[in-house]
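Fold and contact review
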Amino acid sequence: MGKVFAVLGDIHANIEALGAVLEDCRAQGVTDYLCTGDVIGYNASPKECMDAVKALACPVVKGNHDHYVSSLSVNLNDFQPHAAAVIRWTREQLATEDLQWLADLPYVVTVMGMTLVHSTNDKPETFGYVFDNLQADANFVHQKTPICFHGHTHCPMIYEKSMNGVWRIDPQEMRLQPGRKYFINVGSVGQPRDGDPRAAYMIYDVASRVVKFRRIEYDIAAAQAKIRAAGFPERLAERLQFGQ
Ligand code: ZN
């Protein structure tokens, strides 16, 4: 049997969402996992999410929040007070070896001809955003493999580069065509921002070359209760129920 990858990203310390997603992965016959980074930040279960991701023993790349929390070169005075408070709180929840694990994450990983990056292949350590075809085209110049999975914007979508140029395709089940390049945003497990509050992730079946975007209901109220108990800004709890 061929490999069936689940690609998870922007989990952001939301263990309720991650638990529901992993349960769906098992039901969908997933054999392997990939993680596009931002395991922590925004939500209030960083330790649980780190343990769950470590247990998958899969390739993981570094997200900007993974960097903020684990790098001592990051100055919290450069952040808004609310954001700095969440980063400081997250640091306190994690053991030294967890922080080291985050700090040691690579920016880019290649697996079976697929690239994994949090933001873009063009200077991945600067965490630039891809919101349109022009920015996607700049990424394709630096993308060495036919397929690249990424996250960062928390909005699932597909950019396809063929002889006709770069096209943006809404997330849907589709077969990837040979001879073309794909830059695929897998969406966010723990803080979706495309107006759909359900947890997002993606499945890629290597043998059939079919990608499938999944949306999974989870206990949003439980995740919100933890955010409020941790004393985070109310906006972080509220946005989960609107997917924004
Ligand atoms: Zn993120």
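To start, this report covers the structure provided alongside it.

Each value, and the rule that gives it
- Each chain has its residues counted from 1, running along the sequence as written.
- At least 70 in pLDDT is required for a residue's local features to be given in this predicted model, at least 80 for side-chain atom pairs to be given and counted, and no such filter applies to totals for whole chains, interfaces and linings, which use all residues.
- Only hydrogens and water are set aside when side-chain values are computed; all heavy atoms of the structure are taken into account.
- The donor definition counts N, O and S atoms within 2.8 Å of each metal and applies 3.2 Å to Na, K and Ca; water is not among these atoms, so some sites may look incomplete.
- For helices the rule is a DSSP run of H or I covering at least 4 residues; for strands it is a run of E covering at least 2, with both sets numbered from the N terminus onward.
- Throughout this description, buried means an accessible area under 20% of the type-specific maximum (1.4 Å probe, protein chains only), exposed means over 50%, and partly exposed covers the range between.
- Pairing of aromatic rings covers Phe, Tyr and Trp, the last through its six-membered ring, and needs centres within 6.5 Å; plane angles under 30 degrees mean stacked, over 60 mean edge-to-face, and all others mean tilted.
- Here, over-ring charges are defined by two tests on the NZ atom of lysine or the CZ atom of arginine: distance to the ring centre within 6 Å, and angle to the ring normal within 35 degrees.
- Nonpolar core, defined: a set of buried Ala, Val, Leu, Ile, Met, Phe, Trp, Tyr and Cys residues in which side-chain atoms within 4.5 Å join the residues together.
- Strand pairing is assigned whenever DSSP identifies at least 2 bridges connecting the two strands.
- Whether two residues touch is decided by their heavy atoms; if any such pair falls within 4.5 Å, the residues are in contact.

A short note on the coordination of the zinc ion
Angles at a metal have ideal values that depend on geometry: 109.5 degrees with four tetrahedral donors, 90 or 180 degrees with six octahedral donors. Taken together, the protein ligands of the zinc ion are Asp10 (OD), His12 (NE2), Asp38 (OD) and His154 (NE2), with distances of 2.0 to 2.5 Å. Taken in chain order, the donor set of the zinc ion reads D-x1-H-x25-D-x115-H. Separated by 142 residues along the polypeptide, histidine 12 in the loop between strand E1 (4-8) and helix H1 (15-27) and histidine 154 in the loop between strand E5 (147-150) and strand E6 (157-162) bring together distant segments of the chain. The two residues histidine 12 and histidine 154 agree in class, both being buried.

Topic: the packing of aromatic side chains
Taken as a whole and judged by the stated rule, the model has six aromatic pairs. Between phenylalanine 140 and phenylalanine 183, the ring centres sit 6.2 Å apart and the planes meet at 70°, which makes this aromatic pair edge-to-face. Separated by 43 residues along the polypeptide, phenylalanine 140 in helix H6 (residues 133-142) and phenylalanine 183 in strand E9 (residues 181-185) bring together distant segments of the chain. Grouping residues by exposure puts phenylalanine 140 and phenylalanine 183 together as buried. Above the ring of tyrosine 42, the side-chain terminus of arginine 239 is found at 5.7 Å from the ring centroid.

Notes on the nonpolar core
Counting 44 residues, the largest nonpolar core has Leu8, Leu18 and Tyr201 as its most contacted members. For this core, the secondary-structure elements that each account for two or more residues are E1, H1, strand E2 (32-35), helix H2 (46-56), helix H4 (81-93), strand E10 (199-205), helix H7 (220-229) and helix H8 (234-242). Looking at which element gives the most residues to this core, the answer is H1, with six residues. Among the nonpolar cores identified, the runner-up in size contains 21 residues, and Phe5, Phe149, Ile169 and Met202 belong to it.

Some words on the pairing of strand E7 (residues 165-169)
Bridging between E6 and E7 involves five bridges; their strand directions are antiparallel. Pairing of serine 162 across the sheet is with glycine 165, part of E7. Here E6 folds back onto E7 in antiparallel fashion, the turn holding two residues.

Remarks on the environment of alanine 223
Its location among the elements puts alanine 223 in helix H7. Accessibility expressed as a relative area gives 4% for alanine 223, which makes it buried. Taking the C-alpha atoms as reference points, alanine 223 and leucine 116, 107 residues apart in sequence, are found 27 Å from one another. Other than its neighbours up to four places away in sequence, alanine 223 contacts Asn14, Glu16, Tyr218 and Leu240.

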